[in-house]
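# A closer look at the structure
What follows is the residue order along each chain.
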Amino acid sequence: MIELGRLSIENTAAIVGSRNKIRLLAENLEFNAIDATRLATLVSDLCRSLYRNHAYAFVIVAFDEREQGFGLLLNFQGMDSATAPESSALVSERTGGFFDHTNLNRPEDNHQSFLVFKYLPDPHFKPTEPFVEQQRETLARLTRAELLVELQTKNEELRKLLGEIEQRAAKEKKLAAEAAVAEMVRKESRELAKAYKELEIARKHEQLLANYDAVTELPNRVCFQDRLQQSITYAERNGQLLAVLFLDLDHFKNVNDTVGHAEGDQLLRMVAERLLNCVRKSDTVARLGGDEFTLALLDIAGPEAIAPIADNLVQTLSKPYLVGGREFFIGASIGIALYPNDGDSVELLLRNADTAMYKVKQFGRNNYQFYSSDMSAQASAKSDLQNSLRNAIKHAELELYYQPQLDCSSGRIVSMEALLRWRHPVQGFIPPDIFIPLAEETGLILEIGEWVFKEACSQNKAWQEAGYTPMPVAVNLSMRQFEQRNLVDVILKTLAETKLAPQWLELELTEGVFLHDITRATEMLATLRQSGVVTSIDDFGTGYSSLSKLRRLPIDTIKIDRSFTQGVTSDQDDASIVAAIIALAHNLGLKVIAEGVEYDAQLDFLREHRCDQWQGYLCSKALPAKDFETLLLNQLQSDRSK
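These lines cover the structure that appears in this document, whether it is placed above or below. (Residues numbered from 1 in each chain as written. Predicted model: local features only at pLDDT ≥ 70, side-chain atom pairs only at ≥ 80, totals over all residues. Heavy atoms only, no water.)

Each helix and strand in the protein chain was counted, giving 23 helices and 22 strands. In the protein chain, which comprises 642 residues, the proportion classed as buried is 46%. Restricting the contact set of the protein chain to residue pairs at least 6 apart, pairs at least 24 apart contribute 68%. With an accessible surface of roughly 32500 Å², the protein chain has 49% of that area assigned to carbon and sulfur atoms. (Helix = DSSP H or I, 4+ residues; strand = E, 2+ residues; numbered from the N terminus. Buried < 20%, exposed > 50% of the residue type's maximum accessible area, 1.4 Å probe, protein only. Contact = heavy atoms within 4.5 Å. Areas by Shrake-Rupley, 256 points an atom, 1.4 Å probe, with all protein chains shown as cover.)

So, about unusual backbone geometry. Put simply, Tyr339 and Pro340 share a cis peptide bond, and its omega is 5 degrees. Along the chain, the position of Pro340 falls in the loop between β11 (332-339) and α11 (346-362). Positive phi is not limited to glycine here, since Glu217 has a value of about 65 degrees. The topology assignment puts Glu217 in the loop between α6 (178-211) and α7 (221-238). Glu217 gets classed as exposed once you look at its relative accessible area, which sits at 63%. The backbone phi angle of His251 is positive, close to 60 degrees, even though this residue is not glycine. Along the polypeptide, His251 turns up in the loop between β6 (241-249) and α8 (252-259).

Here the focus is the pairing of strand β7 (residues 284-289). Within β7, 5 of the 6 residues are buried, which leaves it mostly tucked inside the rest of the structure. With 5 bridges joining them, β7 and strand β8 (residues 292-300) adopt antiparallel strand pairing. Across the sheet, residue Ala286 finds its bridge partner in β8, namely Thr294. The turn joining β7 and β8, which pair antiparallel and follow one another in sequence, is formed by 2 residues; a positive phi near 60 degrees is taken by Gly290. (Pairing = 2+ DSSP bridges.)

Along the chain, Gln481 turns up in helix α15 (residues 479-482). For Gln481, the side chain forms a polar contact with the main-chain nitrogen of Ser478, separated by 3.1 Å. For Gln481, the residues in contact, after removing those within four places along its chain, are Ile445, Leu446, Gly449, Phe453, Asn476 and Leu487. (Polar contact = N/O pair within 3.5 Å; in protein donor to acceptor, adjacent residues only side chain to side chain.)

It is characteristic of soluble globular proteins that their nonpolar side chains tend to be buried jointly. Leu389, Leu505, Ile558 and Leu606 are the most contacted members of the largest nonpolar core, which has 70 residues in total. Not counting residues within four places of it along the chain, the set of residues in contact with Leu606 comprises Thr565, Val578, Ile582, Ala594, Val597, Cys611 and Trp614. Core analysis: the second largest hydrophobic core is formed by 36 residues, Ala243, Val259, Val314 and Phe328 among them. (Core = buried A, V, L, I, M, F, W, Y, C linked by side-chain atoms within 4.5 Å.)

Right, let's get into the environment of Asn312. Following the sequence through the fold, Asn312 ends up in helix α10 (residues 303-318). For Asn312, a relative accessible area of 34% gives the class partly exposed. Along the chain, Asn312 and Val279 lie 33 residues apart, while their C-alpha atoms are 9.8 Å from each other.

Where helix α14 (residues 444-465) meets helix α16 (residues 487-498), the closest approach of the two axes is 9 Å, and the angle between their N-to-C directions is 30 degrees. As far as their axial angle goes, α16 and α14 are roughly parallel. Crossing of α14 over α16 shows right-handed handedness. On the side of α14, the interface is formed by Glu450, Phe453, Lys454, Cys457, Ser458 and Lys461, while α16 contributes Leu487, Val490, Ile491, Thr494, Leu495, Glu497 and Thr498. (Axes fitted to C-alpha atoms, helices over the stretch in contact; angles between N-to-C directions. Parallel < 35°, antiparallel > 145°, perpendicular 65-115°, else oblique. Left-handed = near helix turned anticlockwise from the far one by under 90°.)

Our next topic: helix α4 (residues 129-140). Compared with the 16 Å implied by 1.5 Å per residue over 12 residues, the 16 Å span of α4 between its first and last C-alpha is a close match. All buried positions along α4 are accounted for by Phe131, Val132, Gln135, Thr138 and Leu139. What you see down the axis of α4 is that its buried residues fit within an arc of 120 degrees, all on one side. Opposite the buried face of α4, by more than 90 degrees, sit the exposed residues Glu129, Pro130 and Ala140. (Expected span 1.5 Å × (residues − 1). Arc of directions from axis to C-beta.)

The analysis is restricted to geometry; functional conclusions fall outside its scope.
Structure, rendered in structure tokens:
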């Protein structure tokens, strides 16, 4: 048996801490989310039972090797003979066979212990010394709740001490002579000074918890703003330059979506360590929240001195991170504002550095950019565009264009994709890659998305009633829309209102939508499939999933991204990838549509490899409804003439 640690059960905060530590240990041992939660809950229940029935109790946590491999052993100490049956009954009632072994030990000194054993998910698991030490550190670390209880206990002791001192002073004042009273006053003063000093230490400790980030242990937003204000005051007094760097990790969300938030937090800690190694001890590195970090660099010689530092930061953060058994490349976008050139206040420097950072995002990410005054004008223009977008639906500025999707064998139009366009009254057509991210950022995508659903379904129904061949209309669905709890109700309500049969609606989603919450995604798509709605994965091959993962999802179609399709005749790697995707998808019973077909040679390649459908400029770009109807009419007339 390899003991990892002992968790004392001396108050409710310790119980909460034990639950959280056991859950974290379970996640580190690769228990799934359900089993990890259940294990933590059962441990919490047993701890509460011990806490209610015994003055002192604890849990021994250990690895133990048995016939089927290593498992997690939990030894609950502190039950007396009277309460042991109650805890035994609690385990039997709550676990429902969750543990692989349970055992109630014989009494020793009128105390009993209860043991539970659970095999680890990995039957080949072998505890290495570094791994064991890491878990011991995890179990030994006090949680925030335990620290707060410790502080509260200390404060209570101090208050009690002050009360005792006051009572003793009052009593001795009455009984002692003037000389004795004078001495007592001096003694009381010393005791009070000591008590207040201890109280001040406790308050500083509490303030420390309130000013530092729990994940990275870096200063948080409040602490950074305070330090930056002090740095500005110092720089102003001494005529120095100060640099503020606003750093945002590129594609960090993919890490959380792929390996989970616990591993994402681990990567954040690795980023924090790299940042600290790139700057001086006199500089400040902070985490504002999420994937945003800020740096304050003091006593800078000039803008030319910042560039090498920023270069080093970009290169250092671009190196791979090994997290959750996978290698990630995330990079960082960095905006830089200088005091006093770009602002003389905390708020202005942070805002301008943030503006410069977004300029980096706009031009490719993984780089740095100094703030310039024209950026504020661009930010203002962005704000104006957001306001215009809010009125776009009301003023009928949005419209749908339709691009045909053709059968590779027959060349007939068999489906269509609805694509959103915005005709601004002053600026004309606004590109989708500009206003769609704005809609996502402001949340307007939800209202716009409902309008798109209704418009696409209504138009498709109108074409069917006009006598054209029925075919599905594909509508793109963003992650923000997919996170709606009532999305299924919105879709089914739209179909009912427009009287369009569900099989004539197809939802296109990117891979990231599925990976964010695969369990919920599976349930939602299964409900839609039962109603008859078709689902497809758009831009396949550009995300972080694979066919082996997606085969478990209730989807019907995958769409090969145009970046692969356009290279099938000139790049052997692209050709091999597309051929493999088509073959594997067909083996899984999925239909394949290739996007971005522009040349006959590309279409010949797709036909040769039995791709089902294609779309692209070789046939037609996306067209207004009136022009798309002309394509339908031409096809209908051609069919009738045969």
